[in-house]
Amino acid sequence: LKINRVTTHPFDGQKPGTSGLRKRVTVFQQPGYTENFVQATFDAVTLNVLRGKKLVIGGDGRFLVPEVVQIIIKMAAANEIGRVIVGTNGILSTPAVSNLVRARKAQGAIILTASHNPGGPEGDFGIKYNVENGGPAPEGVTNLIYECSKKIQSYSIADIPNVDLSKPAEHSFGSGFAVEVVDSVDEYVTCMKSLFDFAALRAYCSDPANKFSMLVDCMHGVTGPYATRIFVNELGNASNSVMNNIPLPDFGGGHPDPNLTYAAALVEKMKNSEHTFGAASDGDGDRNMILGKKGFFVTPSDSVAVIAANFAHIPYFKQSGLKGLARSMPTSAALDRVAAKLNVEFFEVPTGWKFFGNLMDASRLSICGEESFGTGSDHIREKDGIWAMLCWLSIMAATNSSVEDVLIKHWTTFGRNYFSRYDYEEVDSDKANSMVAHLQQFVANPALLVGKQFGRFTVASVDDFAYTDPVDHSVSLHQGIRIIFADGSRIIYRLSGTGSSGATIRVYIDSFETDSAKLTMDAQVALKPLIETALELSKLTEFTGRKEPTVIT
Ligand code: VG1
Ligand code: CO
């Protein structure tokens, strides 16, 4: 192989955030920018981990994926990686990548996605490194990548032609380097079949007596081929059960984020039809939204709690048992109550899927979730949208209940955590930081708030969430400011780590209700007093000039 060593200079800000490096496409298009970050990644991990070994590459089909896959293949060859496993046309969902790493015993993966952020020439792009367990690289690795990016002087790239990724095939380049193009969907379907009873699901979906019909919105993201294969071909649902199922480089101009705002088209269709189950997934297929008849909305915090409470209806957990449960800190405390009832270990981790991996590897965690439409389990090391939909189908089939019935039964048993998140996007960074500084005074001096009464809520504690990993004992500080009330209700403030410009402020409200007369209120109505308190205490409007959030979920 002829290797070219190309002289380069460091770019500022190649620091991976909550989920990899995410920037505007135009930033990645600067000459050398993408190559630098890929080389920094290889510099951080190649010598001890990847040399002569296997690397999985896959992207969500967004603009720039085809070009960047070819660059990474050539750089992998130059950096002495032995084998690259890549999906057809460079396409793999994030959960499919995680599964492939594990199924094929690869040593790492590079995922090309900016998840739910818009794509296209004016949109976002991203590069994320995953490690041997199939999960996002822990902070120790991402910090090392950043350090390498600051010192880089050259990158290495092999002089080989572009590889034909249009169909599964093996391409050998001599000197120990090969590229294996695999079907994007096959291996993932095999995994799902090992977790769920497809025959029982097929029987449920197709029995007219159940009046079952589903609608899944793939939002022109990567899940189209996966959802079509599983829900239509395998489970026998009508071919129009899956919408927007052709992955497009710009997601059809949309914002592939499965929530009530951006998946409004699905919500409308559910309201105006008799579909009994609705779902949507994001650009890279790790997020999901679950809806019932007429668009009945299941919050992600409730979804993970319901799946955990009904674990025995899912063959994989029925066999392996439930090892433990976990949620990210801002996620509502609905899951906590399930863990207490089932008497299993429970963990509260910082935002971002990478914090669940160690617990799963240590066999202490089975099911986990985040309020940001992320649900998953230890079958892989990423959250998994299609898996969550299959869990819901399994629960509906086993209990012969509607989505709404499942939820109401859950709230009646456990009480209900009303939950909402307010996002203020593209806020001037200085303004966002002054608001955080203002809130920090309550952390420094909790006596300013503790004992104070806001309506029916009394402040019990104020802190800045810190986490010590129970497995490797690594410490993550400043993960969000929490105001916790005596009944367990909470207000949380944190800045996003996935935005591509300016700052995004997230305000999370979690309010616990046990009064059986108040279990089916509109969440915004139920939460109004606490939301007003959150805005008042943070002086958000004063600091940022924003009167309304950009998105409410
Ligand atoms: C957001 C969510 C977080 C999620 C992350 C990645 O991060 O809040 O829960 O893990 O996105 O999601 P932040 O730092 O912006 O709040 V995604 O689907 O990459 O895949
Ligand atoms: Co995603």
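Just so it is clear, the model here is predicted, and its values are computed rather than measured.

### Things to note about the overall build of the chain
Line of reasoning, step 1. Check the secondary structure of the chain and you find 18 helices and 27 strands.
Line of reasoning, step 2. Whereas a compact globule of 553 residues would reach a radius of gyration of roughly 24 Å, the chain reaches 23 Å, a difference of no more than 12%.
Line of reasoning, step 3. Its C-alpha atoms give the chain principal-axis dimensions of roughly 70 × 60 × 40 Å.
Line of reasoning, step 4. Residue burial in the chain is summarised as follows: out of 553 residues, 53% are buried.
Line of reasoning, step 5. Taking as baseline every contact in the chain between residues at least 6 positions apart, the subset at least 24 positions apart corresponds to 73%.

### Regarding the nonpolar core
Line of reasoning, step 1. Ranked by internal contacts, the top residues of the largest apolar core, which has 134 residues, are Leu55 and Ala308.
Line of reasoning, step 2. No other element matches the eleven residues that helix α14 (residues 385-399) contributes to this core.
Line of reasoning, step 3. When residues are assigned to domains, this core turns out to be shared by domain 1 (3-184) and domain 2 (188-413), each giving three or more.
Line of reasoning, step 4. Judged by nonpolar contacts, the second largest core, of 29 residues, contains Tyr422, Val427, Ile505 and Leu530.

### Here we look at helix α12 (residues 334-342)
Line of reasoning, step 1. Those residues of α12 lying buried are Ala334, Leu335, Arg337, Val338 and Ala339.
Line of reasoning, step 2. Looking one or two residues beyond α12, the residue adopting positive phi is Asn343, at roughly 60 degrees.

### Brief notes about the UniProt feature "domain: Alpha-D-phosphohexomutase alpha/beta/alpha" (unreviewed entry) in the chain
Line of reasoning, step 1. Here the UniProt feature "domain: Alpha-D-phosphohexomutase alpha/beta/alpha" (unreviewed entry) sits at residues 14-155, 187-295 and 301-414.
Line of reasoning, step 2. Taken end to end, residues 187-295 is 34% helix and 15% strand, and its first and last C-alpha atoms sit 32 Å apart.
Line of reasoning, step 3. Counting secondary structure, residues 301-414 comes out at 49% helix and 16% strand; the distance between its end C-alpha atoms is 13 Å.

### Concerning the site of ligand 1
Line of reasoning, step 1. Taken together, 18 residues surround ligand 1, and among them Thr18, Ser115, Ser496, Gly497 and Thr498 come closest.
Line of reasoning, step 2. Residues of the shell around ligand 1, tallied by class, amount to one nonpolar, twelve polar and five charged.

### Section: the sheet that holds strand β16 (residues 345-349)
Line of reasoning, step 1. Pairing in this open sheet of four strands is mixed, and the strands run β16-β15-β17-β18 from one edge to the other. In this open sheet, the two strands that pair with only one neighbour each are β16 and β18 (374-377). The sheet shows a mean angle of 15 degrees between the axes of neighbouring strands, taken without regard to direction.
Line of reasoning, step 2. Where strand β15 (residues 324-328) meets strand β17 (residues 367-370), three bridges bridge the pair, whose relative direction is parallel. Residue pairing for β17: Arg327 is matched across the bridge by Gly369.
Line of reasoning, step 3. Running at roughly 165 degrees to β15, α12 makes contact with β15, β16 and β17 of the sheet.

### Let's talk about the domain arrangement of the chain
Line of reasoning, step 1. If you check the domain split of the chain, you get domain 1 (3-184), domain 2 (188-413) and domain 3 (416-552).
Line of reasoning, step 2. Measuring from the centre of the C-alpha atoms in domain 1 to the corresponding centre in domain 2 gives 28 Å.
Line of reasoning, step 3. On the domain 2 side, the residues contacting the 28 residues of domain 1 number 31 residues.
Line of reasoning, step 4. Residue composition of the side of domain 1 that touches domain 2, by class: eight nonpolar, 17 polar and three charged.

### Things to note about the packing of helix α10 (residues 300-309) against helix α15 (residues 403-414)
Line of reasoning, step 1. For the pair α10 and α15, the least separation of the axes is 11 Å and the interaxial angle reads 85 degrees. On the basis of the axis angle, α10 is roughly perpendicular to α15. Residue-level inspection shows Asp302, Ala305, Val306 and Ala309 of α10 in contact with α15, the latter providing Val406, Leu407 and His410.
Line of reasoning, step 2. Of the residues assigned to the contact of α10 with α15, the class counts are five nonpolar, one polar and one charged.

### Some thoughts on the pairing of strand β6 (residues 124-130)
Line of reasoning, step 1. For β6, a buried count of seven out of seven residues is recorded, marking the element as mostly surrounded by other parts of the structure.
Line of reasoning, step 2. Burial along β6 is two-sided: the face carrying Asp124, Gly126, Lys128 and Asn130 and the face carrying Phe125, Ile127 and Tyr129 are both buried.
Line of reasoning, step 3. Alignment of strand β2 (residues 21-24) against β6, held across four bridges, turns out to be antiparallel. Considered in β6, the bridge of Leu21 is made with Ile127.

### Considering the environment of Asn233
Line of reasoning, step 1. Residue position: Asn233 is located in helix α8 (residues 224-234).
Line of reasoning, step 2. With 12 C-beta atoms packed within 10 Å, Asn233 lands in the exposed category.
Line of reasoning, step 3. Along the primary structure Asn233 and Arg202 are separated by 31 residues, whereas in three dimensions their C-alpha atoms are 10.0 Å apart.

### Section: the packing of helix α4 (residues 94-103) against helix α6 (residues 186-195)
Line of reasoning, step 1. Contact geometry for α4 and α6: axes closest at 9 Å, N-to-C directions at 80 degrees. Relative to α6, the element α4 is oriented roughly perpendicular. Contact residues: Pro95, Ala96, Asn99, Leu100 and Ala103 in α4; Glu187, Tyr188 and Cys191 in α6.

### Observations regarding the sheet that holds strand β13 (residues 288-292)
Line of reasoning, step 1. Taken together, the five strands give an open sheet; going across it, the order is β11-β10-β12-β13-β14, and neighbouring strands pair in mixed fashion. Only two strands of the sheet have a single partner each, and these edge strands are β11 (242-243) and β14 (297-298).
Line of reasoning, step 2. Each of β10 (214-217), β12 (277-281) and β13 is contacted by α14, which is oriented at about 165 degrees to β12, the strand it contacts most.

Cut-offs and rules
Residues numbered from 1 in each chain as written. Chains lettered and ligands numbered in written order. Predicted model: local features only at pLDDT ≥ 70, side-chain atom pairs only at ≥ 80, totals over all residues. Helix = DSSP H or I, 4+ residues; strand = E, 2+ residues; numbered from the N terminus. Rg over C-alpha atoms; globule rule 2.2 N^0.38 Å. Buried ≥ 20, exposed ≤ 12 C-beta atoms within 10 Å, placed from the backbone. Contact = placed C-beta atoms within 7 Å. Core = buried A, V, L, I, M, F, W, Y, C linked by C-beta atoms within 7 Å. Domains from an automatic or database assignment. UniProt positions renumbered as here; feature names shortened; annotations may be inferred. Near = placed C-beta within 6 Å. Nonpolar A, V, L, I, M, F, W, Y, C, P; charged D, E, K, R; others polar. Pairing = 2+ DSSP bridges. Axes fitted to C-alpha atoms, helices over the stretch in contact; angles between N-to-C directions. Parallel < 35°, antiparallel > 145°, perpendicular 65-115°, else oblique.

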